[in-house]
Amino acid sequence: LENGSDYVRGMKVKANSIDDIKIIGKKIKEAGYPYKFVVVDTITALEEKCIDYAEELYSKTPLGKYWFTEGGDKEKHGNILSLPKGAGYFWLREAYVKVTNYIKTWAPHIIFLGHVKDAELGKEGGEFNALDLDMTGKLKRMAAGKSQAIGYLYRKGNQNILSFLTSDKVICGARPEHLSNKQIVLSEKQDDGSYVFHWDQIYLKLKKNGKERK
């Protein structure tokens, strides 16, 4: 979704709009849902792309029937998020949930990548900053609530580590017991430049007879 996948190997397609996402989903369905994993990069960009879809949804309601008309509310407000009293954010959340629920039909396992930002939080009468998903207000909490696990990916030496440790510095965590409060070495770069991956530590079904499936 951010036009940055050219250097990544594998099956990949670019989506510049929600219409593109619908086309991708249609092709996956026509192919008989052949994929076990789908990665969306990133939910931060997905939220931005959902704004147009939110306006489409709003325009189909009695309140929004004049949204796209000449001299209508869109010309007045410019963006649905500018509606009075934050009313437009409701439609953004509606659009985001519809789109992500649709994406979740594509494969048994969906991975949403996202940027992080500093968030100011209150705790025991004090305030502190923590890394959190770079999404707006309630939508961020909805996205987190619908996830089985939220991990923070960082690099240390030749390792990429996915942390599910719950702390005051990074807001993440996991419901599955094998991930809860754990740090998983996701990949390790070897001396010859190749990589060893440990996705079987995340998705236990990838293990077969105690060994990682290739």
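Just above sits the structure.
Here the structure is a predicted model, which means the values were calculated and not measured.

**Student:** Teacher, can you tell me more about unusual backbone geometry here?
**Tutor:** If a residue is not glycine, its phi is most likely negative; likewise, a peptide bond is most likely trans. Along the chain, Asp41 connects to Thr42 via a cis peptide bond; the corresponding omega equals 5°. Secondary-structure assignment places Thr42 in the loop between strand S1 (37-41) and helix H2 (43-59). At Tyr33, a position not held by glycine, the phi torsion is positive, near 50°. With respect to the element layout, Tyr33 can be found in the loop between helix H1 (18-30) and S1. The backbone of Lys85 shows a phi angle near 60°, a positive value even though the residue is not glycine. Examined against the element boundaries, Lys85 turns out to sit in the loop between helix H3 (73-77) and helix H4 (87-103).

**Student:** Any chance you could explain H4 here in plain terms?
**Tutor:** Each α-helix turn comprises 3.6 residues. Residues three or four places apart therefore point the same way. Counted at 1.5 Å a residue, the expected span for H4 with its 17 residues is 24 Å, and the 25 Å between its end C-alpha atoms agrees. Taken together, the buried positions of H4 are Gly88, Trp91, Leu92, Arg93, Ala95, Tyr96, Val97, Val99, Thr100 and Ile103. On its buried face, H4 sits against H1, S1, H2, strand S2 (109-113) and helix H5 (137-145).

**Student:** Would you explain the sheet that holds strand S6 (residues 152-156) in this entry?
**Tutor:** Sheet strands pair by backbone hydrogen bonding; their relative direction is either parallel or antiparallel. As summarised here, the arrangement of the four strands in space is S6-S7-S9-S10, forming an open sheet in which the pairing is antiparallel. Strands with a single pairing partner mark the edges of an open sheet, and in this sheet they are S6 and strand S10 (195-197). Ignoring which end each strand starts from, the neighbouring axes of this sheet average 25° apart. As paired elements, strand S7 (residues 159-163) and strand S9 (residues 183-189) share five bridges and run antiparallel to each other. Within the sheet, the bridge partner assigned to Asn160 lies in S9 and is Ser187.

The rules behind the values
Residues numbered from 1 in each chain as written. Predicted model: local features only at pLDDT ≥ 70, side-chain atom pairs only at ≥ 80, totals over all residues. Heavy atoms only, no water. Helix = DSSP H or I, 4+ residues; strand = E, 2+ residues; numbered from the N terminus. Expected span 1.5 Å × (residues − 1). Buried < 20%, exposed > 50% of the residue type's maximum accessible area, 1.4 Å probe, protein only. Contact = heavy atoms within 4.5 Å. Pairing = 2+ DSSP bridges. Axes fitted to C-alpha atoms, helices over the stretch in contact; angles between N-to-C directions.

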